[in-house]
Amino acid sequence: MSTIIKKQENITVDNGDKLHLVIDTGFACSGDIEVSYFNTDKMEMEPLGEFDVSDEQRVKIPAIKKKTKIAVYGRLAPLPGKKEVRLTVWLYDDLSVVQAIRTESELFSIVLDVSVVQ
Amino acid sequence: MKSLCIFILLLLSLSAFIQSPVKTDLKSAEFNANCSTAFGLLDMSPAVINSFGSYKEVKVDWFWKDNKIQDNIAVEFAPFWYLFYNKMNYSTFEKLPYLLKKVSDITFSLGNKRISTNYNFGLALNINLYKQADPICDTNLIEMTKVKRTDEEKAVMRLIMKKEMKLDFIDDPIQKLKLKEEISALEDKLDIITEKQQVANKKIIADYKKKNWNKIFVNIGVGNVFHYHLSPAYNLTPLNNTVVVWLHHGYPLGELALISILTRFYFTQLICNGVNVRFGESDVKNAFIEVLSYNNFVDRTLTHYDLNIGGVTPVKDFKISLGFKFVFDHEMQLKELVPTYNFNLGF
């Protein structure tokens, strides 16, 4: 049984042009993560960057016409002095939060299945 | 009053359970006090003088002595940590000035002690002024235990994600099943790769604790002990109360021992001087011997001596302290010998 904990969320947004992610761990853990999205035109996963989550990270998402998948994945480790890991991903539509997803697993993947209202 | 205290204690314990996120295999490198400070103040721990402690979670103590199970409970927590620091990023914390970092170490504890029909209720505020080894401020340790994914790990994880994302776009069940099997095999491979660093991190933290549990520290504190006749539930006004202030500092004796010294002033004209020596391999696994003298500092008379001998050991998530308390009068005549036990649970 794999130790990777996967989460998947279906999210609908009104406008796919101004999406961005905010990724934060609070005072809990260190982490080396990646963010990618699925380019439906090319049918390929394309990277959006690698991040050290000691600081809050903001990641701009390319404009979405109809739908896409955004994946946040990697590994976390508790800071010395802490017992747990936690990482929260907020999806923002311009200035408002559309969805927040939290993981408390060292090996994790979060997939956001984003659709734009037509 | 007693019901109120027990209610508060239960509420705090419950909130700790509710807030407690999923624990991982990696154990905290934080050094833990063996018993809550309020219990030390109420003379309710097998050792009155603890190792330094800088516990940033919530901790509950249950104490009994003389083989009688009673409602002697204490809770200790770091209020400023919970309010201001817990949600801060590490990089923000790292940039804080020393004094603000120290504020995160302030702990507050409250405890209840029952002696026959009398009740004592203690409040204590403990402030760490200095500690030579502080895991949360040790940038080398933080750097060493940081996640560092290898190229192989990154490649395997990317492959898993690529295949996961493709899954939804495939309609053929045979192809889908094949893809799932490939993902499963890659996940097993990923587990093997990551386990190496997780094991290495555990070793780094264990070695750090072993090497640094007995480093220099200086604590100060203030407390108040309220004395009640019968249960405070019937009468909230205490018979009297005693304000206490203390200075507590410790130094290494080689690699396997810690000597700590306590000077405690009671505003009832009493002064307690004590020395504690702990031998062992960590702050939660050691044996101790301590001597305390209680003097009236106005007329300079000795009231009594205490000799405490015992040990601390972890049992799963609990820490158990066991000891014997020898009470001598001012002429060094043994007056009392009491076995003491303390269970300590950190969330």
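Residues numbered from 1 in each chain as written. Chains lettered and ligands numbered in written order. Predicted model: local features only at pLDDT ≥ 70, side-chain atom pairs only at ≥ 80, totals over all residues.

Q: Any chance you could explain the overall build of chain A here in plain terms?
A: For chain A, the helix and strand inventory stands at zero helices and nine strands. Written out in order from the N terminus, the α and β elements of chain A read β-β-β-β-β-β-β-β-β. Here the C-alpha atoms of chain A give a radius of gyration of 14 Å, agreeing with the 13 Å that 2.2 N^0.38 yields for 118 residues. Taking the principal axes of the C-alpha coordinates as reference, chain A spans close to 50 × 35 × 20 Å. (Helix = DSSP H or I, 4+ residues; strand = E, 2+ residues; numbered from the N terminus. Rg over C-alpha atoms; globule rule 2.2 N^0.38 Å.)

Q: Is there a simple way to explain the sheet that holds strand E4 (residues 44-52) of chain A in this structure?
A: Adjacent strands of a sheet pair through backbone hydrogen bonds, lying either parallel or antiparallel. Within the open sheet, the five strands sit side by side as E1-E9-E6-E3-E4 (chain A). Their pairing is mixed. The outermost strands of the open sheet, each flanked by one partner alone, are strand E1 (5-13) and E4 of chain A. Pairwise comparison of adjacent strand axes, ignoring direction, gives a mean angle of 20° for this sheet. Looking at chain direction, strand E3 (residues 29-39) of chain A and E4 of chain A are connected through eight bridges and run antiparallel. Bridging across to E4 of chain A, Asp32 of chain A finds its partner in Asp52 of chain A. Taken strand by strand, helix H7 (residues 151-167) of chain B contacts E3, E4, strand E6 (67-78) and strand E9 (107-116) of chain A, and its axis lies near 150° from that of E6 of chain A. (Pairing = 2+ DSSP bridges. Axes fitted to C-alpha atoms, helices over the stretch in contact; angles between N-to-C directions. Contact = placed C-beta atoms within 7 Å.)

Q: When you look at the pairing of E3 of chain A in this model, what are you seeing that I'm missing?
A: Two faces, one strand: in a regular strand the side chains alternate between the faces of the sheet. Residues and elements named next belong to chain A. Counting buried positions along E3 yields eight of eleven residues, so the element is predominantly enclosed. Inspection of the sheet shows E3 paired to E6 by nine bridges, in the antiparallel sense. Along E6, the bridge assignment pairs Val35 with Val72. Turn length for the E3-E4 hairpin, with the two strands adjacent in sequence and antiparallel, is four residues, and the turn residue Met43 shows positive phi of about 55°. (Buried ≥ 20, exposed ≤ 12 C-beta atoms within 10 Å, placed from the backbone.)

Q: What am I meant to see in the interface of chain B and chain A here?
A: Quite often, the size of an interface is put as the accessible area lost when its parts meet. In this assembly, 40 residues from chain B lie in contact with 36 residues from chain A. At the level of elements, helix H4 (90-94), helix H6 (139-145), H7 and helix H8 (173-212) of chain B are the ones that each hand at least two residues to the side of chain B that touches chain A. Considered class by class, the residues forming the side of chain B that touches chain A number 19 nonpolar, eight polar and 13 charged. (Nonpolar A, V, L, I, M, F, W, Y, C, P; charged D, E, K, R; others polar.)

Q: In this structure, what is going on with the sheet that holds strand E7 (residues 87-93) of chain A? I would like to understand it.
A: Residue and element names in this part refer to chain A. Pairing is antiparallel across the open sheet formed by four strands, whose spatial order is E5-E2-E7-E8. Of all the strands in the sheet, just strand E5 (57-60) and strand E8 (96-103) have a single pairing partner and so form its edges. Adjacent strand axes in the sheet meet at a mean angle of 20°, parallel and antiparallel pairs treated alike. Where strand E2 (residues 19-24) and E5 come together, four bridges link them in antiparallel fashion. Across the sheet, Leu21 pairs through a bridge with Val59, a residue of E5.

Q: Hey, could you run me through the packing of H7 of chain B against H8 of chain B in this one?
A: The description of two packed helices rests on the angle between their axes and on the distance between the axes. Residue and element names in this part refer to chain B. Interhelical geometry of H7 versus H8 gives an angle of 155° and a closest axis separation of 9 Å. In this view, H7 runs roughly antiparallel relative to H8, as classed from their interaxial angle. In this structure, H7 meets H8 at a crossing whose hand is left-handed. Of the residues in H8, those touching H7 at Glu152, Glu153, Val156, Met157, Leu159, Ile160, Lys163, Glu164, Lys166 and Leu167 are Lys176, Leu179, Glu182, Ile183, Leu186, Glu187, Lys189, Leu190, Ile193 and Thr194. Looking at the contact of H7 with H8, its residues break down into ten nonpolar, one polar and nine charged. (Parallel < 35°, antiparallel > 145°, perpendicular 65-115°, else oblique. Left-handed = near helix turned anticlockwise from the far one by under 90°.)

Q: Any chance you could explain H8 of chain B here in plain terms?
A: Quick reminder: α-helices carry 3.6 residues per turn. Residues three or four places apart thus point the same way. Compared with the 58 Å implied by 1.5 Å per residue over 40 residues, the 57 Å span of H8 of chain B between its first and last C-alpha is a close match. Residue Thr194 of chain B marks the point of greatest curvature in H8 of chain B, where the axis turns by about 25°. Elements in contact with the buried residues of H8 of chain B: E6 and E9 of chain A together with H6, H7 and strand E8 (270-282) of chain B. (Expected span 1.5 Å × (residues − 1). Bend = angle between axes of the 7 residues up to and from the residue.)

Q: Can you walk me through unusual backbone geometry in this structure?
A: If a residue is not glycine, its phi is most likely negative; likewise, a peptide bond is most likely trans. For Asp94 of chain A, which is not glycine, the phi dihedral falls at a positive 60°. Note that Asp94 of chain A resides in the loop between E7 and E8. Taking the number of C-beta atoms within 10 Å as the measure of exposure, Asp94 of chain A has 12 and is therefore exposed. Of note in the backbone geometry, Arg300 of chain B takes a positive phi value of approximately 55° without being a glycine. Note that Arg300 of chain B resides in the loop between strand E9 (285-296) and strand E10 (301-315).

Q: Would you take a moment to explain the environment of Thr40 of chain A for this structure?
A: All names here are of chain A. With respect to the secondary-structure elements, Thr40 resides in the loop between E3 and E4. With 14 C-beta atoms counted inside 10 Å, the residue Thr40 sits in the partly exposed group. For the pair Thr40 and Ile64, spaced 24 residues apart in sequence, the C-alpha to C-alpha distance is 9.7 Å. Once you skip the residues sitting within four places of it in the chain, Thr40 turns out to touch Lys67 and Thr68.

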